[in-house]
Amino acid sequence: MADTALTAPLRSPLSHAADRLAAATRTSGGAVRLAELPFLTQINVRLDPKGAAADAVGLALGLQLPVEPGTVVRAGELTVLWLGPDEWLVVGPPGGRGLESRIREAAGDEPVSVVDVSAQRTTLLVAGPRAHDLLAHGCSLDLHPRVFGPGRCAQTTLGRTQVVLVARDDPRAGFWVLVRSSFAGYLTDWLLDAAVEWMG
């Protein structure tokens, strides 16, 4: 019997907007850089930060889970965001198979919640010299590098959309904007509209 399984390629939530994002980047003359970073692996982890599981999971990931509110820890290809006193988001490269099971195995019998939320969100890159100005159009956070510089993250709203905002390691690397897939199109339209003033 023939294999009738569909083998359609994966489509990211913003695949339809890739050309528009690239055009905005070009016409801004480098003032802003906009792109989707599709299919990043995203694992939500909840556990007692003072329990044995926290140390074991950190060891398995090659880092210490951040315990200071709104901070980010990076090691290799992994980025861990502090989302709450007992909640983190582990972000890895696309196709990060085994990351969820690695965390579960490290936790052992300790009480822990590990959920793969990769399909729930996509990630927008907002970079360039005007990235702060662009995001400030619709975000109430103080995004000055002294306040929200490298190694910082926050759950906030951008253009009336709930997002997780991450300042990348190097200010020139800009920001990650993690947004629910169902709102990604709207937020992209908002960003493109807000970026019009820098487009030639």
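Quick caveat: nothing in here was measured; it's all calculated off a predicted structure. (Residues numbered from 1 in each chain as written. Predicted model: local features only at pLDDT ≥ 70, side-chain atom pairs only at ≥ 80, totals over all residues. Heavy atoms only, no water.)

## Description of the sheet that holds strand β3 (residues 72–75)
Stage number 1. Read from one edge of the open sheet, five strands run β3-β4-β5-β2-β6, paired in antiparallel fashion. The sheet is open, and its two edges are formed by β3 and β6 (112–116), each paired on a single side. Along the sheet, successive strands turn relative to each other by an average axial angle of 20°, direction set aside.
Stage number 2. Both strand β2 (residues 41–47) and strand β5 (residues 87–92) contribute to a ladder of six bridges, which runs antiparallel. Across the sheet, R46 pairs through a bridge with E87, a residue of β5. (Pairing = 2+ DSSP bridges. Helix = DSSP H or I, 4+ residues; strand = E, 2+ residues; numbered from the N terminus. Axes fitted to C-alpha atoms, helices over the stretch in contact; angles between N-to-C directions.)

## Overview of the packing of aromatic side chains
Stage number 1. Taken as a whole, this structure holds one aromatic pair when the rule is applied.
Stage number 2. Ring centres of F148 and F175 lie 6.4 Å apart, and the angle between their planes is 15°; on these two criteria the pair is classed as stacked. Here F175 lies in strand β10 (residues 175–180) and F148 lies in the loop between α4 (131–136) and β8 (153–158), a separation of 27 residues in the sequence. The pair formed by F148 and F175 is uniform in burial state, with each residue classed as buried.
Stage number 3. If you follow R168 out to its NZ or CZ, it ends over the ring of W176, 3.9 Å from the centre. (Phe/Tyr/Trp six-rings, centres within 6.5 Å; stacked < 30°, edge-to-face > 60°. Buried < 20%, exposed > 50% of the residue type's maximum accessible area, 1.4 Å probe, protein only. Lys NZ or Arg CZ within 6 Å of the ring centre and 35° of its normal.)

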